[in-house]
Amino acid sequence: MHARVLGGRKQMARTKRVGGATVRWTGKPLISKKRTARSRKAMSCIERKLEVLQELVPNGPSVQELDGLFREAANYIVCLQVQVKVMQILLDELSPKVSDN
């Protein structure tokens, strides 16, 4: 922490280390209560996409936390990939072999 003079008054500027970089703490909240129309639109777009993801993932609607939803989605993707590999193996084994003659 270091002091600086601002408008004739001494003001303390606080800094902290975040991920290897020094970040100044301003005392302002990271998310302001006032949102612009653009940020509200972006947030509603994200919310719609999360709702669609919940519908696509099994057990998605029962998951209440965001990290849980992402974990379920990741597990579901792995399961789908395994199913595709199994189907490819079955197709290769069950399909008639073509001879080069």
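Keep in mind it's a predicted model, so treat the numbers as computed, not measured. (Residues numbered from 1 in each chain as written. Predicted model: local features only at pLDDT ≥ 70, side-chain atom pairs only at ≥ 80, totals over all residues. Heavy atoms only, no water.)

Participant: When you look at the packing of helix H1 (residues 37–56) against helix H2 (residues 66–94) in this model, what are you seeing that I'm missing?
Facilitator: How two helices pack is summed up by the angle between their axes together with the distance between the axes. Interhelical geometry of H1 versus H2 gives an angle of 50° and a closest axis separation of 10 Å. Comparing their axes, H2 and H1 come out oblique. By crossing handedness, the relation of H1 to H2 is classed as left-handed. Within the contact between the two elements, H1 uses Leu50, Leu53, Gln54 and Leu56 and H2 uses Leu66, Leu69, Phe70, Ala73 and Tyr76. The class makeup of the residues in the contact of H1 with H2 is eight nonpolar, one polar and no charged. (Axes fitted to C-alpha atoms, helices over the stretch in contact; angles between N-to-C directions. Helix = DSSP H or I, 4+ residues; strand = E, 2+ residues; numbered from the N terminus. Parallel < 35°, antiparallel > 145°, perpendicular 65-115°, else oblique. Left-handed = near helix turned anticlockwise from the far one by under 90°. Contact = heavy atoms within 4.5 Å. Nonpolar A, V, L, I, M, F, W, Y, C, P; charged D, E, K, R; others polar.)

Participant: It is not clear to me how the pattern of salt bridges should be interpreted in this structure. Could you clarify?
Facilitator: Oppositely charged side chains can pair when the atoms bearing their charge come close. Under the defined criterion, the tally for this structure stands at one salt bridge. Residue Asp67 is joined to Arg71 by a salt bridge in which the shortest nitrogen-to-oxygen separation is 3.5 Å. Here Arg71 and Asp67 lie together in helix H2, a separation of four residues that amounts to about one turn. (Salt bridge = Lys/Arg side-chain N within 4 Å of Asp/Glu carboxyl O.)

Distances and angles like these do not, on their own, reveal function.
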